Amino acid sequence: EFDRKKRLNRPFDDLGMLPSQMDLLASLTEAHDRHGIVLIGAPDGHGLRTSMYSFIGRHDAYTSNIKTLEREVEFEIDGVDHVQWDPTNPDVDYATNIQSILRRDPDVIMTSYIKDRETAEAVTDPGMQGPLIYVPQRQPTTAEQIRGWVKVVGDLKRATKALRAVVNQRLLRTLCPN
């Protein structure tokens, strides 16, 4: 049996990135440089949700306005406004929820998987003037992540204009020391 909350609560420094990779992503926490889109990808079962929570957890939730829009809130970070999207509500779709969050002028946003053009356009429209937006993708490679993102947005220039980083990972399991 695994404690799901404990598995999702990993510090950013503990994700196993190389120091050079961490240095490249360090600027995203600075207030003056906190804009654009960061695609975070992994195949199914490779810790994508854990990484997403680690990425938003490294921002100071008490000095930054951090919001999430998730299909299921599996872990809550203190000071972060976690919003759960209700797919059974026919009046409010995912894109409308994202637009509502963007109107509240957040500093950082974490979304769930974006599968439709309307939502992708709402996320890309603020560009480098808007907040920092983390977008997860279930893709096995960086090239497939970029290809999938461009396909969802529908326009190469628009999809890549605000793109700040593309992170792809694999979870490596270790044997229990006991």
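The structure under discussion appears in the preceding block.
All values derive from a computational prediction rather than experimental measurement.

Colleague: Explain the sheet that holds strand β2 (residues 66-70) here, please?
Modeller: Sheet strands pair by backbone hydrogen bonding; their relative direction is either parallel or antiparallel. If you trace the 6 strands from one edge of the open sheet to the other, you get β3-β2-β4-β5-β1-β6, paired in parallel fashion. Looking along the sheet, the strands with just one partner apiece sit at the ends: β3 (81-84) and β6 (163-168). Strand-to-strand twist of the sheet, defined as the mean angle between neighbouring strand axes without regard to direction, takes the value 15 degrees. Alignment of strand β4 (residues 108-111) against strand β5 (residues 132-137), held across 3 bridges, turns out to be parallel. The residue of β5 that forms the bridge with Met110 is Tyr134.

Colleague: Just to check I follow, could you spell out the nonpolar core for this structure?
Modeller: Buried together is how nonpolar side chains tend to be arranged in soluble globular proteins. Judged by nonpolar contacts, the single largest core of 26 residues is most densely connected at Leu25, Ile40, Phe55, Ile56 and Tyr134. Examining the composition of this core, we find that 5 residues originate from one element, helix α3 (residues 48-57), more than from any other. When near neighbours in sequence (up to four residues on either side) are disregarded, Ile56 contacts Ile66, Thr68, Ile77, Val80, Val108, Met110 and Tyr134. If you look at the next biggest cluster of nonpolar residues, it comprises 21 residues, including Ile114, Val123, Val153 and Ala159.

Colleague: Where do I start with the pairing of β4 in this structure?
Modeller: Looking along a regular strand, one sees side chains alternate from face to face of the sheet. Burial along β4 is two-sided: Val108 and Met110 and Ile109 and Thr111, pointing in opposite directions, are all buried. Where β2 meets β4, 4 bridges bridge the pair, whose relative direction is parallel. If you follow Lys67 over to β4, its bridge partner there is Ile109. In the classification by handedness, the crossover that spans β4, the intervening helix α5 (residues 117-124) and the parallel β5 is right-handed.

Cut-offs used in this document
Residues numbered from 1 in each chain as written. Predicted model: local features only at pLDDT ≥ 70, side-chain atom pairs only at ≥ 80, totals over all residues. Heavy atoms only, no water. Pairing = 2+ DSSP bridges. Helix = DSSP H or I, 4+ residues; strand = E, 2+ residues; numbered from the N terminus. Axes fitted to C-alpha atoms, helices over the stretch in contact; angles between N-to-C directions. Core = buried A, V, L, I, M, F, W, Y, C linked by side-chain atoms within 4.5 Å. Buried < 20%, exposed > 50% of the residue type's maximum accessible area, 1.4 Å probe, protein only. Contact = heavy atoms within 4.5 Å. Right-handed = clockwise from strand over helix to strand, strands pointing away.

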